Amino acid sequence: MGLKLKRRQVLVGAAAYAGALTIFQKSSLAETPKIHEVRIKAFQFEPMHISVKQGDTIKWTNEDIAPHTATANEGGWDTGEIVKGDSGSIIVTKEMETDYFCAFHPHMKGTIEIT
Ligand SMILES: [Cu+2]
């Protein structure tokens, strides 16, 4: 009887270990934040639409001579002025606004999809 019990414990232990490993692998994959690069060139955000996850970073780099911003339509977030060759970053949060524009050139528009 003693031996039987030990075998069962070993099996349960192995199963629990395999389960924990699976959960660890899944969560570490899901939680690896990405950096999404957006170029600002010829008065346009490139790409105009990006798909991101919470915790990711969006990085705008200005390749124009004119300064630009990435500013949420309702003012919820803002990179501030980004001059030529410089960049500004925002970390994606759950409730962040997803439509943005350039404060200096309001015809420049971009959208963010949070998945
Ligand atoms: Cu601009």
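Here the structure is a predicted model, which means the values were calculated and not measured. (Residues numbered from 1 in each chain as written. Predicted model: local features only at pLDDT ≥ 70, side-chain atom pairs only at ≥ 80, totals over all residues. Heavy atoms only, no water.)

Scanning the protein chain from terminus to terminus reveals one helix and eight strands. Shown N-terminal to C-terminal, the secondary structure of the protein chain runs as helices and strands in the order α-β-β-β-β-β-β-β-β. Per-residue burial for the protein chain yields a buried fraction of 27% across its 115 residues. A total accessible area of about 7,900 Å² is found for the protein chain, and carbon and sulfur atoms account for 60% of it. (Helix = DSSP H or I, 4+ residues; strand = E, 2+ residues; numbered from the N terminus. Buried < 20%, exposed > 50% of the residue type's maximum accessible area, 1.4 Å probe, protein only. Areas by Shrake-Rupley, 256 points an atom, 1.4 Å probe, with all protein chains shown as cover.)

On to the coordination of the copper ion, then. For the copper ion, every protein donor is listed as H68 (ND1), C102 (SG) and H105 (ND1), and the spread of their distances is 1.9 to 2.2 Å. Positions of the donor residues of the copper ion, expressed as sequence spacing, correspond to H-x33-C-x2-H. Note that H68 is positioned in the loop between β4 (57-62) and β5 (71-72) and C102 in the loop between β7 (99-101) and β8 (109-114), a separation of 34 residues in sequence. Comparing H68 with C102 shows no difference in burial state: the two are buried. (Donors = N, O, S within 2.8 Å, 3.2 Å for Na, K, Ca; no water.)

The next subject is the pattern of salt bridges. Considering all chains together, one arrives at one salt bridge under this definition. E63 is the partner of R39 in a salt bridge, and the nearest nitrogen-oxygen pair spans 3.0 Å. One end of the pair, R39, is in strand β1 (residues 35-41); the other, E63, is in the loop between β4 and β5, and 24 residues separate them in sequence. (Salt bridge = Lys/Arg side-chain N within 4 Å of Asp/Glu carboxyl O.)

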